[in-house]
Amino acid sequence: MAQAKLPIPPPFETLIDRFGHEMMRYLMRVTGDRDDAADLFQETFLRAYRAYPRFDPDSDARPWLYTIATNLCRNRARDGARRAAVFAVERRAPDDAAASPARVVVAHTTGADWAGTMLHVRRLIARLPQKQRQALLMRYFAGLDYAEIAAALECSEQSARANVSQAIKKLKGAW
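Calculation rules
Residues numbered from 1 in each chain as written. Predicted model: local features only at pLDDT ≥ 70, side-chain atom pairs only at ≥ 80, totals over all residues. Heavy atoms only, no water. Buried < 20%, exposed > 50% of the residue type's maximum accessible area, 1.4 Å probe, protein only. Helix = DSSP H or I, 4+ residues; strand = E, 2+ residues; numbered from the N terminus. Contact = heavy atoms within 4.5 Å. Polar contact = N/O pair within 3.5 Å; in protein donor to acceptor, adjacent residues only side chain to side chain. Expected span 1.5 Å × (residues − 1). Arc of directions from axis to C-beta. Salt bridge = Lys/Arg side-chain N within 4 Å of Asp/Glu carboxyl O.

### Some words on helix 9 (residues 146-153)
Next, step 1: Of all the 8 residues making up helix 9, 6 are buried; the element is thus mostly covered by neighbouring parts of the structure.
Next, step 2: Against helix 3 (61-78), helix 8 (130-141) and helix 10 (157-174) lie the buried residues of helix 9.
Next, step 3: With a side-chain oxygen lying 3.1 Å from the backbone nitrogen of A147, the N-terminal cap of helix 9 falls on D145.
Next, step 4: One or two residues past the end of helix 9 sits E154, with phi positive at roughly 55°.

Have a look at this one:
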């Protein structure tokens, strides 16, 4: 009886070419640090490459990679020594003028203080609970649908929707 051969992993470059930019953007948004994102990027694709023989070829690789990346981010967050560096958030509150909706409208229409507004948005997103932050980033910055988010976060589609909804509600409330 002939033994079935496992699929041969594609060249490492193929995985990076197909999903690299998207994964790096996701990891940058989650960690907020280029060096940490680069480390997690390498580890994500290395683990994907090693696990490829067990990957179902009929499955979508995109949520599978998000699952790997998300789990690596969770592991990094649990590491007490690195947690402060990975998820650093400035503790002081922005001044009232910087946080006002009127200022956001002015920034959008005139381009004034766009960087300050974006920094404020990043800080608000960074304060979200981890699962809500990851679901929000996957939905609005990576363009994943709820089924893909659910697969990546290993939860139900309803839970993925709830995490995105709660994140939006918290962002609106904090604004």
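### Regarding the side chain of R62
Next, step 1: Mapped onto the elements, R62 comes out in helix 3.
Next, step 2: Apart from the residues lying within four places of it in its own chain, the contact partners of R62 are F19, E22, A142, G143, L144 and E148.

### Notes on helix 10
Next, step 1: Between its first and last C-alpha atoms helix 10 spans 26 Å; for 18 residues at 1.5 Å apiece the expected length is 26 Å, and the two agree.
Next, step 2: A160, N163, V164, A167 and L171 are the residues of helix 10 that are buried. Taken end-on, helix 10 shows its buried residues confined to a sector of 95°, consistent with a single buried face. Exposed residues pointing more than 90 degrees away from the buried face of helix 10 are listed as Q158, K169, K172 and G173.

### As for the environment of R127
Next, step 1: Relative to the helices and strands, R127 resides in the loop between helix 7 (114-126) and helix 8.
Next, step 2: The spacing of R127 and L171 is 44 residues in sequence and 9.2 Å in space, taken between C-alpha atoms.

### A closer look at the pattern of salt bridges
Next, step 1: Summed over all chains, the structure comprises 3 salt bridges.
Next, step 2: For E43, the salt bridge identified is with R47, shortest N-O distance 2.7 Å. Here R47 and E43 lie together in helix 2 (residues 34-51), a separation of 4 residues that amounts to about one turn.
Next, step 3: Between R62 and E148 there is a salt bridge whose closest N-O contact spans 3.4 Å. Of this pair, R62 sits in helix 3 while E148 is found in helix 9, placing the two residues 86 residues apart along the sequence. Summarising the burial analysis for this pair, R62 and E148 share the class buried.
Next, step 4: Each of E22, R62 and E148 takes part in a single network of salt bridges with overlapping partners.

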